[in-house]
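# Residue-level structure breakdown
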Amino acid sequence: MKILRPAAVLLALALIFSGCSSSVPDSIFYDITSKVSSYDPQMASDGSALLIAGNCFEGLLRHGADGELEPAAAESWSVSDDGLTYTFKLKSGMLWSDGKTALTASDFVFGFRRLFDPATDAPFRSDFMAVRNAAAVASGGLSAENIGVSAPDDLTLVISLESPDPFFPDLLATPAASPCNEAFFLSTRGRYGSTTDYIMFNGPFSVARIKEDVYYRLSRNAYYSGAAAGYANVYLYIQAADGYSASARLLSGSIDAAPVEYTDVQALSDGGFTTEGYQDTVWVLAFNTRDEYLSNQSIRRAVYYASDRASLLNRLPDNLSLAWTYVPPAVTLSGQSYRSLAGSRFSGFDYDPDMAGNLLSDGLEKLGKNKLDTLTIICPAEYLALMGLIQRSLQEDLATFVNVKPLSADELEKAVSSGDYQLALIPVTVKYDTPAAFFSSLSSGDNVTGYSSSALTAAVQAAADAQTLDESVSAYATAEQMVLQDMPMMPVFFEESYFACSKDIKGLNYSPFGSHVAFYYAK
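These remarks concern the structure in this document. (Residues numbered from 1 in each chain as written. Predicted model: local features only at pLDDT ≥ 70, side-chain atom pairs only at ≥ 80, totals over all residues. Heavy atoms only, no water.)

## Some thoughts on the pairing of strand S10 (residues 215–220)
The following threshold applies: Pairing between two strands requires that DSSP report at least two bridges joining them. Strands are runs of DSSP state E lasting at least 2 residues, helices are runs of H or I lasting at least 4, and numbering of each runs from the N terminus.
Summarising the sheet, strand S9 (residues 205–211) and S10 pair through 6 bridges and their orientation is antiparallel. In the sheet register, Phe205 faces S10, and the bridge partner there is Arg220. Taking the residues between adjacent antiparallel strands as the criterion, S9 and S10 are bridged by 3 residues, where Asp213 takes a positive phi near 65 degrees. By the bridge criterion, 5 bridges tie S10 to strand S11 (residues 233–238) in an arrangement that is antiparallel. Its bridge partner being in S11, Ser219 is matched across the sheet by Asn233.

Spelled out as structure tokens, the structure:
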């Protein structure tokens, strides 16, 4: 049997308790950006709801203190050699937070049925479409009872997939894969998760108190199946006002940790905080492959080879670095940095004006065109100067006019999502700690460029099926080079996000993938 244990980047960081902690001992203080409208983990979608669900619910697996996937509600698990059948043995004696309702494999079956039930309309169900019959159930073609999840007995759960999914184990550690007790759910008469009276938790914390518009207090779940959380309470302060500054809240002693802007890193370091950076986002120049000219691969490649990205080098702020590949450096493979294993760039993909000219001629000939009409790049206003440098090299090497149009974040998102663009500078942040996460939408065509590739799907699957680390790295590197060759998007730069913490709390786990904080391990 093949056992899968993909690692997640969950970093144990040291924190200094600030002034607020002295008045409320054994507590951690943290900010969230909005109130929570529901405690239903299958419905959690915004950062605040996901943070509460991630700490108050627990799925079959979780990311441990070292970042590796480990059993949570499951005691152990195995995967069939073809990657299609997952079998979990659950812990015995587990209880829900009411202290009397047993938690069994049937609760996970019902949780998955709710996840795919069209009536639920769960925001993350699309991530789980590899589960057998998931698409048919989600579309209403089959009833939820036909989903490929079953419980042969109270302590055994079997999940069947239609096709192997390299990051399915990681999905099982997310709130969407949490259990749900059917009898309790039905007893709420449509109010499940609307208040703490209509929810039961199974994670290390439960929501113990809410001060309207001020905070949520998470307290140790006395009936949690694992060891007690290191801290008795976590206060989540609601900070939804304009002008909010996490840095100011940290420096004033109001909170103990927070994601922060890179411009605040130095002040926080000077103030005694520990800061860590994570290159978890790649900014790409996305090509609209539905465009008359950019539908042609040769013309897209001509734009790539005519883009002198090295000209950006001395103009990039400290939180950006040039990107020659797609998978961000924060992504790991078997606990090691994927980028350090695969390399930071591949040969044959450097700036080459002569290559660009030849490819442009070839593309125009295939399209029956004499020249390349004006190209327009849309980008965030803050990166206008950087795109101006790309504009210059494109105009010189392709002998065509290039327009650069700065847009607000909302305008850019609207234009890209509607397909009303030619080239767009956009960020791509991976959701899970695996190279496969970057490729997931590109292979299916569910992306803003309109690009899809069955060959890319096969390459990513080969990486997931690889028996050795070297084979996996090689397969993912091949997939990256396939995208560079097809060129639906050009990597431009990596962006670094930051997390700041005080120095007295040990083991607070932060993941840049989804910005999740696990308070359980803090001591």
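On we go.
## So, the sheet that holds S9
Formally: Here, axes are lines fitted to C-alpha atoms. For helices the fit covers the stretch in contact, and angles between N-to-C directions go from 0 to 180 degrees. Note on contacts: a residue pair qualifies if any of its non-hydrogen atoms lie within 4.5 Å across the two residues.
Ordered in space as S2-S11-S10-S9, the 4 strands form an open sheet in which the pairing is mixed. The sheet is open, and its two borders are formed by strand S2 (27–32) and S9, each paired with just one other strand. The mean inter-strand angle of the sheet, taken between neighbouring strand axes irrespective of direction, is 25 degrees. Here S2 pairs with S11 via 6 bridges, running parallel. Considered in S11, the bridge of Asp31 is made with Tyr237. Across the face of the sheet, helix H2 (residues 47–56) comes into contact with S2, S9, S10 and S11 while running at roughly 135 degrees to S9.

## Digging into the packing of aromatic side chains
This is how the line gets drawn: Two rings from Phe, Tyr or Trp (for Trp, the six-membered ring) form a pair when their centres sit within 6.5 Å of each other. Planes less than 30 degrees apart are called stacked, planes more than 60 degrees apart edge-to-face, and all others tilted. Think of it in three bands: residues with accessible area under 20% of the maximum for their type are buried, residues over 50% are exposed, and the middle band is partly exposed, with areas taken using a 1.4 Å probe on protein chains only.
This structure, assessed with the given rule, holds 27 aromatic pairs. With 5.4 Å between their ring centres and 50 degrees between their planes, Tyr278 and Tyr510 make a pair best called tilted. On the criterion of sequence distance, the pair formed by Tyr278 in strand S13 (residues 274–287) and Tyr510 in strand S21 (residues 505–511) is long-range, its members being 232 residues apart. You can call Tyr278 buried: its relative accessible area is 3%. Judged by its relative accessible area of 2%, Tyr510 is buried. With a centroid separation of 5.0 Å and an interplanar angle of 75 degrees, the aromatic rings of Trp283 and Tyr383 are classed as edge-to-face. Within this pair, whereas Trp283 is found in strand S13, its partner Tyr383 is found in the loop between strand S17 (375–380) and helix H12 (384–398), the two being separated by 100 residues in sequence. Take Trp283: its relative accessible area is 8%, and that puts it in the buried class. Through a chain of ring-to-ring contacts, the aromatic side chains of Tyr86, Phe88, Phe112, Phe128 and Phe168 assemble into a single cluster.

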